[in-house]
Amino acid sequence: MKRQMDDWAQLLAAANAGDARAYSRFLRSVAPMLRGLVRARAGSLGDAGCEDVVQEVLLAIHLNRHTWEPTAPVRPWLYAIARYKVVDAFRARGRRIDLPIEDFAEVLPASPDLDPTEAADMAKMIGMLDGRSEKIVRKIGLEGASMAETGAALQMSEGAVRVALHRALKTLAVLRQRHIE
Amino acid sequence: MKTDDLIRVLAADTLPEPPVSGRLWSVLLPAVVVTLLANWLALGLRPDLVQALGNPVSLMRFVLTCALAAVSIRIALGLARPEGRGVVRFWPLAVVAGAALAMLIWAYVATPAEARQMATVGKTMWVCLVFIPILSVVPVATLFWALRRGATTAPALAGAVIGLAGSGIAATIYATHCTEDSPLFYITWYSLAIMGVTMVSAAIGARVLRW
């Protein structure tokens, strides 16, 4: 467990310096912890409902990754985001949840091969983006296209795709707040 | 959408966001300049400003309001981090408040009984209560703008601290106009103005600092 935390700090530091592969590994390694936490608390939401919450938290981590100070430990930062967003997600769904921070220490990560779950909310919100942003997100997410391929397909420069993607992800978070509440 | 697909999208977005502190400093200096100008144009500087700065009792209001602003900005930056609520130390605020209270008590004792009421009410109470909040608008707004890019998990508290910081700046600037040199006046009314701004900012923070 201790080793994993050190890894998280390294991965996130690399990610914030622009290393997309380290970032992807970081998110993949954080997701099972979040999934374990949400499922332990909210089995009644169903698997897809839980995965919606996990994805909301991942999006929040992404949009706020610049608030992590490289000298500070990752775990309290991560748990604070997770806790805030999980409580928020439940409030938005008309339930209250009590989430003491100690709970995080005891969470067993859900097994990684438990992932196949399809969540619905994010897809719905991606559908609400403007046409071009929606295409960019779908191409990269569902088709696994690279920036260059996406740019070529949409006749945009790679830099323009990057900026559009960055904006689209911020918009998704705003849409979620408006849409679910 | 599958979580793995989402992660692929998130990882593809490598555009960095500037840290909150960088954003804050880049707008705070212009905000201070604008507020200084507004104060100068609307109210003007006190004619004896230089002499007043040489008088320790008068000087203390600059020290107190400056200290309030500096301490609060630091706390606000801490609260901009998600885990900030548990990490930030609030005691410097208590030190500033304690110093102001000590100053008030000292002035109460040192002022002859028959002069106390006049010293406290002064002549410009309303100007002070109106202009400190008005001068707070730009600093408070810029602080909110910077902290909206943070991720505070205590929105109302962060809003209140922004109110303290912004009105601390405003009070420092207002003090270059104000000629009321008794701590009985300036601690009483500056504090009241600052508390008003702080309460409004807390309410604003609860709305705009959510994410």
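Just so it is clear, the model here is predicted, and its values are computed rather than measured.

(A) Structural context of the overall build of chain A. Scanning chain A from terminus to terminus reveals 9 helices and 0 strands. When the helices and strands of chain A are placed in sequence order, the string is α-α-α-α-α-α-α-α-α. By residue count, 39% of the 181 residues in chain A fall in the buried class. The contacts of chain A with a sequence gap of at least 6 include a subset with a gap of at least 24, amounting to 60%.

(B) A look at the overall build of chain B. Within chain B one finds 10 helices and 0 strands. Reading chain B from its N end, one meets helices and strands in the order α-α-α-α-α-α-α-α-α-α. Viewed in the frame of its principal axes, chain B has a C-alpha envelope of about 75 × 35 × 25 Å. Looking at the 211 residues of chain B, the share that counts as buried comes to 46%.

(C) Geometry of the nonpolar core. Among the nonpolar cores identified, the biggest contains 57 residues, and A:Leu27, A:Leu34, A:Val57, A:Leu58 and A:Ile81 are the most heavily contacted of them. Those elements that place two or more of their residues in this core are α1 (2–16), α2 (20–42), α3 (46–63), α4 (74–92), α6 (121–127), α7 (131–141) and α9 (158–180) of chain A together with α1 (3–12) of chain B. For this core, the element with the highest residue contribution is α4(A), accounting for 10 residues. Among residues more than four places away in sequence, those in contact with A:Leu34 are A:Val54, A:Val57 and A:Ala82.

(D) Focus on unusual backbone geometry. Phi is positive for A:Gln155, which is not a glycine, with a value near 55 degrees. Assignment of secondary structure puts A:Gln155 in the loop between α8 (147–154) and α9.

(E) Fine view of the environment of A:His166. Residues and elements named next belong to chain A. Its location among the elements puts histidine 166 in helix α9. Note on histidine 166: 17 C-beta atoms within 10 Å, which makes it partly exposed. Along the primary structure histidine 166 and valine 87 are separated by 79 residues, whereas in three dimensions their C-alpha atoms are 26 Å apart.

(F) Just the interface of chain A and chain B, in detail. If you look at the interface, chain A gives 39 residues, while chain B gives 27 residues. Mapped onto the side of chain A that touches chain B, the elements with two or more residues apiece are α2, α3, α4, α6, α7 and α9 of chain A. Of the residues that constitute the side of chain A that touches chain B, the class distribution is 22 nonpolar, 11 polar and 6 charged.

About the cut-offs
Residues numbered from 1 in each chain as written. Chains lettered and ligands numbered in written order. Predicted model: local features only at pLDDT ≥ 70, side-chain atom pairs only at ≥ 80, totals over all residues. Helix = DSSP H or I, 4+ residues; strand = E, 2+ residues; numbered from the N terminus. Buried ≥ 20, exposed ≤ 12 C-beta atoms within 10 Å, placed from the backbone. Contact = placed C-beta atoms within 7 Å. Core = buried A, V, L, I, M, F, W, Y, C linked by C-beta atoms within 7 Å. Nonpolar A, V, L, I, M, F, W, Y, C, P; charged D, E, K, R; others polar.

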